[in-house]
Amino acid sequence: MSEILETQKCVIIGAGPAGYTAAIYAARANLKPLMFTGIEPGGQLMITTDVENYPGYPEGIMGPQMMDDFRKQAERFGTQIRYERIVKVDFSQRPHKLWSEAGDEILAESVIVATGASAKWLGLESETRLRNKGVSACAVCDGFFFRGMEVAVVGGGDTAAEEASYLAKLCPKVHLIVRRDQLRASKIMQERVLKTENIIVHWNSEVQEVLGEEVASSIRIVNNKTGAVSDLPVKGLFIAIGHQPNTDIFNGWLDMDEVGYLITKPGTSHTNIEGVFASGDAQDKVYRQAVTAAGTGCMAALDAERFLTEYGVI
């Protein structure tokens, strides 16, 4: 049975590094945050195996374990966590209104958006089966594990060009699989890729299958002009065809770019709506790392605390 909850000082939407960090800071500031995790508590790190680039874990840590640690720390300080989605918002006045999938209406003096982004995938069965077993959507996160090995990157935009350039410093050969006969990347990134000797571009090509039983051993590509099929002996396949921020429910309320990334005022987490703050990959299309997401979660909680203090809520 749905109900209207008492007005909350701070509601956090999303439970990845940004959301949990915001919860830790907000709880310690006595904001008594209420978090709605969404359908994927922990975000993209829940499909990440070894995390070796987050400070404080010298031996590395599994993504799900890291997110469990974040959750425990947030709960330790009094964060209330609900494992459901927010499906609708109304930011026309304060307190802001939110509705959960259970039908509850939540009133919030401040809202921190930490809904993250989702990597776009090719949609292959073998790609899904071998995810984190040779198939990845983040070269900066996972490239280190493939140093000295032959790898491939799929995509033709700036992200793919950046991933290929990054991997070219670690790997003897990087195959860039491009669906069209040209790159969509910016001119400077195109030049960088084409000048890098160990990046081999396969034009008009698409990945047909990732081969391997327990781990990826090679990929099968097809030329979409000639139909010619060939196998590349790569141990790692990096999908770089973009990310989609999980911001649909904020359409019409929060300013966002053409892709859907939330726009914040420079140097802050403030959105165009007073009392609504954005953090993590929902507003970061440049870095997209756990540590930067956590940093913006901290910013959002501090901004929310200052906002609530200014308006005499706390």
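You'll find the structure just up there.
Computed from a predicted structure; not experimentally measured. (Residues numbered from 1 in each chain as written. Predicted model: local features only at pLDDT ≥ 70, side-chain atom pairs only at ≥ 80, totals over all residues. Heavy atoms only, no water.)

1. Things to note about the side chain of Arg82
Take Arg82: it is sitting in strand β5 (residues 80-82). Judged by its relative accessible area of 16%, Arg82 falls in the buried class. Side-chain polar atoms of Arg82 contact the side chain of Glu84, separated by 2.7 Å. (Helix = DSSP H or I, 4+ residues; strand = E, 2+ residues; numbered from the N terminus. Buried < 20%, exposed > 50% of the residue type's maximum accessible area, 1.4 Å probe, protein only. Polar contact = N/O pair within 3.5 Å; in protein donor to acceptor, adjacent residues only side chain to side chain.)

2. Looking at the state of the cysteines
Scanning all chains against the criterion turns up one disulfide. Shown here is the disulfide that connects Cys138 with Cys141, its sulfur atoms set 2.2 Å apart. One quick way to see it: the torsion about the S-S bond of Cys138 and Cys141 is about 70°, and its sign makes the bridge right-handed. A relative accessible area of 16% places Cys138 in the buried class. Note on Cys10: no disulfide assigned, nearest cysteine sulfur contributed by Cys298 at a separation of 13 Å. Take Cys10: its relative accessible area is 0%, and that puts it in the buried class. (Disulfide = S-S within 2.5 Å.)

3. A short note on unusual backbone geometry
The omega angle of the peptide bond from Arg94 to Pro95 is -5°, so this bond is cis rather than trans. When you line up the elements, Pro95 lands in the loop between β6 (86-90) and β7 (96-100). At Asn30, a position not held by glycine, the phi torsion is positive, near 65°. Structurally, Asn30 is set in the loop between α1 (17-28) and β2 (34-36). Overall, the relative accessible area of 44% leaves Asn30 in the partly exposed class. One non-glycine residue with positive phi stands out, namely Asn204, at about 50°. Inspection of the secondary structure assignment puts Asn204 in the loop between β14 (199-202) and β15 (205-211). Overall, Asn204 belongs to the buried group, its relative accessible area being 14%.

4. Quick look at the sheet that holds strand β9 (residues 111-113)
The five strands are arranged β5-β2-β1-β9-β20 in an open sheet whose pairing can be described as parallel. Both outer strands of the open sheet, β5 and β20 (276-278), are each paired with one neighbouring strand and no more. Here the average twist between neighbouring strands, direction ignored, is 20°. For strand β1 (residues 11-13) and β9, the ladder comprises three bridges, and the chain directions are parallel. Paired with Ile12 across the two strands is Ile112, which belongs to β9. (Pairing = 2+ DSSP bridges. Axes fitted to C-alpha atoms, helices over the stretch in contact; angles between N-to-C directions.)

Function-wise, these values are silent; they only describe arrangement.
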